Amino acid sequence: MKQFIGLLRKEFYHIFRDYRTLLILFGMPVVQLLIFGFALTNDIKNAPIAILDHSKDELSRQLTQKILSSGYFILVENLESEDAIEASFKKGNIKQVLILEQGFASKIERDGSASLQILADASDPNIARILTNYIMGIVNDFQNELMKDTKLPVEITPEVKMLYNTELKSVFMFVPGVITVLLLLISAMMTSISIAREKEMGTMEVLLVSPLRPIQIIIGKVLPYVILAFTLAVVILLLGYFVFDVPVRGSVVLLLVYSIIYIVLALSLGIFISSVVNSQQVAMLISMAALMLPTIMLSGFIFPVENMPWPLQWMSYIIPAKWFIIIIRGVMLKAIGVGLLWKETLILFVMIAFFIGLSVKKFKIRLE
Amino acid sequence: MKNQKNIIEVEGLWKKFGSFAANKDLTFQVKAGEIFGFLGANGAGKTTAIKILCGLWKPTSGKVKVSGFDVYTETNKIKTNIGYMSQKFSLYEDLTPVENIRFYGGIYGLGKKVIRDRTEEALQNLKLENVANSPVKSLPLGWKQKLSFTVAMVHKPKIVFLDEPTGGVDPITRRQFWNMIYEAANRGVTIFVTTHYMDEAEYCDRVSIMADGEIKALDTPANLKLQFNAETMNDVFLKLARNG
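Owing to the predicted nature of the structure, the values given are computational and were not obtained by experimental measurement.

Looking only at helices and strands, chain B has nine helices and 10 strands in total. For chain B, whose C-alpha radius of gyration is 18 Å, the value lies close to the compact-globule estimate of 18 Å for 244 residues. For chain B, with 244 residues in total, the buried portion stands at 44%. Long-range pairs, those at least 24 residues apart, make up 69% of the contacts in chain B between residues at least 6 apart in sequence.

Attention now goes to the interface of chain A and chain B. Each partner contributes residues to the interface: chain A has 20 residues there, and chain B has 19 residues. Elements with a contribution of two residues or more to the side of chain A that touches chain B: α1 (2-17) and α8 (203-209) of chain A. Examining the composition of the side of chain A that touches chain B, we find that eight residues originate from one element, α1(A), more than from any other. Broken down by class, the residue content of the side of chain A that touches chain B amounts to nine nonpolar, six polar and five charged.

Let us now look at the sheet that holds strand β3 (residues 96-100) of chain A. Consider a sheet: its strands pair through backbone hydrogen bonds, and that pairing is either parallel or antiparallel. Residues and elements named next belong to chain A. Read across the sheet, four strands follow the order β2-β1-β3-β4 without closing on themselves; strand pairing throughout is mixed. Strand pairing shows two members of the sheet lacking a second neighbour, β2 (73-79) and β4 (116-120), which therefore form its edges. The sheet shows a mean angle of 25° between the axes of neighbouring strands, taken without regard to direction. Relative to β4, β3 runs antiparallel, the two sharing five bridges.

Here we come to the nonpolar core. Counting residues in each nonpolar core, the largest one holds 70 residues, and the members touching the most others are Leu53(B), Val160(B), Phe161(B), Ile191(B) and Phe192(B). Not counting residues within four places of it along the chain, the set of residues in contact with Phe192(B) comprises Val30(B), Phe36(B), Phe38(B), Ile159(B), Phe161(B) and Leu162(B). Residues Ala188(A), Ile263(A), Ile273(A) and Ile327(A) belong to the second largest nonpolar core, which totals 60 residues.

Below, the discussion takes up the confidence of the model for chain A. Residues and elements named next belong to chain A. Residue-level pLDDT values for chain A average 81, and 88% of them are 70 or greater. Per-element confidence in chain A is highest for helix α10 (residues 252-276), whose mean pLDDT is 90, and lowest for helix α2 (residues 19-39), whose mean pLDDT is 75. Contacts of residues 158-163 to residues separated by more than four positions or lying in other chains number six contacts, the stretch itself having pLDDT below 50.

Take the domain arrangement of chain A next. Considered domain by domain, chain A is made up of domain 1 (2-40 + 169-367) and domain 2 (47-150). Here the C-alpha centre of domain 2 of chain A lies 47 Å away from the C-alpha centre of domain 1 of chain A.

Let us now look at the sheet that holds strand β7 (residues 159-163) of chain B. Residues and elements named next belong to chain B. As summarised here, the arrangement of the six strands in space is β6-β7-β8-β3-β9-β10, forming an open sheet in which the pairing is mixed. Edge positions in the sheet fall to β6 (82-85) and β10 (214-219), since each has one partner strand and no second. Within this sheet the neighbouring strands show an average axis-to-axis angle of 15°, counted without direction. Inspection of the sheet shows strand β3 (residues 35-40) paired to strand β9 (residues 206-211) by five bridges, in the parallel sense. Looking at β9, one finds that Gly37 is bridged to Val207. The sheet strands contacting helix α1 (residues 46-53) are β3, β7, β8 (190-194) and β9, and the helix crosses β7 at an angle near 155°. Packing against the sheet, helix α5 (residues 141-152) makes contact with β6 and β7, and its axis sits at approximately 160° to β6.

The rules behind each value
- Residues numbered from 1 in each chain as written.
- Chains lettered and ligands numbered in written order.
- Predicted model: local features only at pLDDT ≥ 70, side-chain atom pairs only at ≥ 80, totals over all residues.
- Helix = DSSP H or I, 4+ residues; strand = E, 2+ residues; numbered from the N terminus.
- Rg over C-alpha atoms; globule rule 2.2 N^0.38 Å.
- Buried ≥ 20, exposed ≤ 12 C-beta atoms within 10 Å, placed from the backbone.
- Contact = placed C-beta atoms within 7 Å.
- Nonpolar A, V, L, I, M, F, W, Y, C, P; charged D, E, K, R; others polar.
- Pairing = 2+ DSSP bridges.
- Axes fitted to C-alpha atoms, helices over the stretch in contact; angles between N-to-C directions.
- Core = buried A, V, L, I, M, F, W, Y, C linked by C-beta atoms within 7 Å.
- pLDDT = per-residue confidence, 0-100.
- Domains from an automatic or database assignment.

The structure is reproduced here in structure tokens:
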């Protein structure tokens, strides 16, 4: 045990002396989260729009006022006729035009229905879709208020309902995603590099010649990174909670337990990589190419797996992050428990067993 | 050759990798307190033999005892009784000399006080007090080499294996290093050393020369030169290598 503690202490020296790497480790998630949360956000604020109000009555003014005061839109110009629409779009500084039909208020009073036309600049379809959703949400809201006041049936616009993320906040998707990607990267890359470094420097030989058992050496190398990665996961969760109001709706304990399981999986992957390579550079390259890219692209972190062609969907099944992201989103946002996640949990454990088994086998062959 | 007890006994050692035999029927003994030179060209099978003696690999067949313990069944006892220094010097470059000594002392299970005493002793002997707390990577190669040797000896092993311990070091430092080896041998430590420098072979009590996985010659340097009618160990080595 004393020997083992010596091993741990040494590993922490490595980590803290290499302060550049440490800085990157803790700086990367913070920067990523802030970029994803603020800059790359899919939430659009202050989108420039134009309004063509044919009726200019009390109700139409109330509706446009409500839309403009939502904070999502800024009125660039009030159009007077349909002819001005195209020119306004072509100037390129508006995203949408809202057209309220002639006699908006009187139609609602008489028929209980009126139409609102939304013209969206679909050259960026993503933004167009999001802005449209915002407006539909606001109109829906407006309509409900009207019905409450007048107690008359008012025309139902297509209802868009967003579960779990009513405000369509994309940071809700990014916090679990960033945790998933970073835990894998740190755990797998850092362990594979640190074990490869011992091989490269020849110190692994000396450790093997010492009375330490191989399993002690491996655990001694890996445990500090479990602690490091776990700390990082907590930091990201806190950052998400306090800066972006991302809640943990399910059990926090369960979330942390799952994080540890996932970290162990990533570490076993790292051990496996280091059992195949002999230099730090190769370990880094393999971690980058074989882990980072597929994890970001195929885990469902940014791009929905359901929309991919089937070969990619099949590939995504062997990516640990895909399963963890389902778990972490489930626990964080939907407050699901183990009962509904047993399949994903099982897959994580099978993957751990697979990689550790493979590494042990490789290790035995080398000792033969 | 302070006493005649054998501390390493190898009899009929074979090590095969598939159909390739890296060690063919090796038989030799090393006496306690002896400086034993283990020579051979690259690929002659030296490394394989050392790995087996250190308990890292199991022999395919043959009898091997190190410090009285069997390499098939008692590798853990062997490991606590040997020290090992590799040609890469095997120090942690981002740790200080003190931390390196403490770490290696720790993995051999030495107590805190013992480690502290030996660290102090080592720093004094090596005159490293001034750099005791700067990282190893800032030290010159010669100092690293001496520190590496000290670290291999920190648990006071009976036998120490030195795998090309003087590679890339200047002649004066090499000479100083051999003085350290002599001192250790005088204290009764058995030294098992591989080298490519034939002048160093002259410093050994006995020398074995390997080629193609076999031991081609084994005797004192003086006897070997007589036997092969050669002026220097270099000539002996070349004659054997040419035959092989």
